[in-house]
Amino acid sequence: MATPIGNLEDITLRALRILKEAHLIACEDTRRTRKLLLHYGIRKGLISYYDYNKERRAPWLIRKLLENKSIALVSDAGTPGISDPAFYLVRLAIDQGIEVIPIPGPNAALSALISSGLPTDRFAFEGFLPSRPGPRRRRLKELAEEQRTMIFYESPHRLLATLKDMVDIWGERRAALAKELTKKFEGIIRGTFSELSKQISPGKVKGEWVILVEGKGNRRS
Ligand code: SAM
């Protein structure tokens, strides 16, 4: 189920009801989810499910589901399964014939896209690029002909290096950087790669970022 990407008010009434009704809540970060539950006065057992324990924890969760227990799966923030370990459990559950029901809500990629000013009619979600420069540049080369708006998640300490690789490999394009969406230091910068790079001070990039880039030969639509 989707939970806020920052602002705790971004949660649906249905998500709150399910959090109260579920037998268990499996979450990536128990501290973060506990804060959310506390905010809404919900008392419920939490069980951690994250990248490093997913293979060990998933069979246990599947057993509980097969015993007819309902489990609300919550990621660190936003929509589970989008660049987080939810996919692994979802596929296992489907293989076991267990019903998987989405509870829609916030997502950083879509929130960034709709405010970027870049075409939204077609887009490609790329998630995280490889962190090492070689594989990252190879992936960017593979994407050189992509015509749809591209969406990337990026960590703050790689942001400038990634922008530099993008301009080196693709040449100038229109792009947008969305940071800390729905939070206190929320902001969106729009412009060409060079314009964006000038607005970011090296060593001072903090928080969570989404990079959006127009596709090759894209026209304002
Ligand atoms: N499942 C999440 C979703 O639905 O957006 C994404 C999880 S992924 C592990 C975390 C990445 O999402 C961050 O590194 C950042 O790129 C992006 N992100 C998450 N929250 C954000 C926010 N409030 N503002 C900008 N980007 C955010």
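Refer to the structure presented above.
Owing to the predicted nature of the structure, the values given are computational and were not obtained by experimental measurement. (Residues numbered from 1 in each chain as written. Predicted model: local features only at pLDDT ≥ 70, side-chain atom pairs only at ≥ 80, totals over all residues. Heavy atoms only, no water.)

Mapped onto the secondary structure, P130 falls in the loop between β4 (123-128) and α6 (133-142). Its relative accessible area of 29% is what places P130 among the partly exposed residues. On a C-alpha basis, the gap between P130 and L140 in space is 9.8 Å, while along the polypeptide they are 10 residues apart. With residues near it in sequence (within four places) discarded, P130 still touches P135, R136 and R139. (Helix = DSSP H or I, 4+ residues; strand = E, 2+ residues; numbered from the N terminus. Buried < 20%, exposed > 50% of the residue type's maximum accessible area, 1.4 Å probe, protein only. Contact = heavy atoms within 4.5 Å.)

With that out of the way, let us pick up the pairing of strand β3 (residues 71-74). Here is the key point about a regular strand: its side chains alternate between the two faces of the sheet. Neither face of β3 is exposed, since I71 and L73 on one face and A72 and V74 on the opposite face are all buried. Here four bridges tie strand β1 (residues 24-27) to β3, and the two strands are oriented parallel to one another. Along β3, the bridge assignment pairs L24 with I71. (Pairing = 2+ DSSP bridges.)

Now for the site of the ligand. Taken together, 19 residues lie around the ligand, and T79, N107, Y153, L181 and W209 are the ones closest in. Within the side chain of N107, a nitrogen or oxygen atom sits 2.8 Å from an oxygen atom of the ligand. A108 is positioned with one of its backbone polar atoms (N or O) 2.9 Å from an oxygen atom of the ligand. Here the ligand, which alone exposes 570 Å², has 91% of that area covered by the protein. Breaking the shell around the ligand down by element, the ones donating at least two residues are β5 (149-154) and β8 (209-213). For the shell around the ligand, the class distribution of residues is 10 nonpolar, four polar and five charged. (Near = heavy atom within 4 Å. Polar contact = N/O pair within 3.5 Å; in protein donor to acceptor, adjacent residues only side chain to side chain. Areas by Shrake-Rupley, 256 points an atom, 1.4 Å probe, with all protein chains shown as cover. Nonpolar A, V, L, I, M, F, W, Y, C, P; charged D, E, K, R; others polar.)

All right, on to the packing of aromatic side chains then. A full pass over the atoms with the stated rule returns four aromatic pairs. Judged by centre distance (5.1 Å) and plane angle (70 degrees), the ring pair of F125 and Y153 falls under edge-to-face. A residue pair is termed long-range when its members are at least 10 positions apart, and F125 in strand β4 and Y153 in strand β5 qualify at 28 residues. We classify F125 as partly exposed; its relative accessible area is 34%. Since its relative accessible area comes to 10%, Y153 is described here as buried. (Phe/Tyr/Trp six-rings, centres within 6.5 Å; stacked < 30°, edge-to-face > 60°.)

What follows deals with the pattern of salt bridges. The final tally for this structure, using the stated rule, is 16 salt bridges. Its salt-bridge partner being K64, residue E67 comes within 3.7 Å of it at the nearest N-O pair. For E67, a relative accessible area of 47% gives the class partly exposed. Where K183 meets E208, a salt bridge forms, and the shortest distance between an N and an O atom there is 2.9 Å. Placement of the pair is K183 in the loop between β6 (174-179) and β7 (187-192) and E208 in the loop between α8 (193-198) and β8, with a sequence separation of 25 residues. (Salt bridge = Lys/Arg side-chain N within 4 Å of Asp/Glu carboxyl O.)

Here we take up the side chain of D165. The residue D165 is located in helix α7 (residues 159-170) in this model. Under the relative-accessibility criterion, D165 is labelled buried at 7%. The contact partners of D165, leaving out residues within four places of it in the chain, are R136, R137 and L140.

Further remarks concern the pairing of β8. Of all the five residues making up β8, five are buried; the element is thus mostly covered by neighbouring parts of the structure. Side chains W209, I211 and V213 project from β8 onto one buried face, and the interleaved V210 and L212 project onto a second face that is buried too. Bridge count for β5 against β8 is five bridges, and the pairing is antiparallel. Note on β8: the bridge partner recorded for Y153 is V210. As paired elements, β6 and β8 share five bridges and run antiparallel to each other. What sits directly across from L177, in β8, is I211.

Our focus in this paragraph is the packing of helix α3 (residues 54-66) against helix α4 (residues 86-95). Two numbers describe a pair of packed helices, the interaxial angle and the distance between the axes. Where α3 meets α4, the axes come as close as 10 Å, and the angle between the chain directions of the two elements is 40 degrees. The pairing of α3 with α4 is recorded here as oblique in orientation. Viewed along their axes, α3 and α4 form a crossing whose handedness is right-handed. Every residue of α4 that contacts α3 at K54, E55, A58, P59, L61 and I62 is listed here: Y88, L89, L92 and A93. When the residues that make up the contact of α3 with α4 are grouped by side-chain class, the tally is eight nonpolar, no polar and two charged. (Axes fitted to C-alpha atoms, helices over the stretch in contact; angles between N-to-C directions. Parallel < 35°, antiparallel > 145°, perpendicular 65-115°, else oblique. Left-handed = near helix turned anticlockwise from the far one by under 90°.)

Limitation: the analysis is restricted to geometry and does not speak to function.
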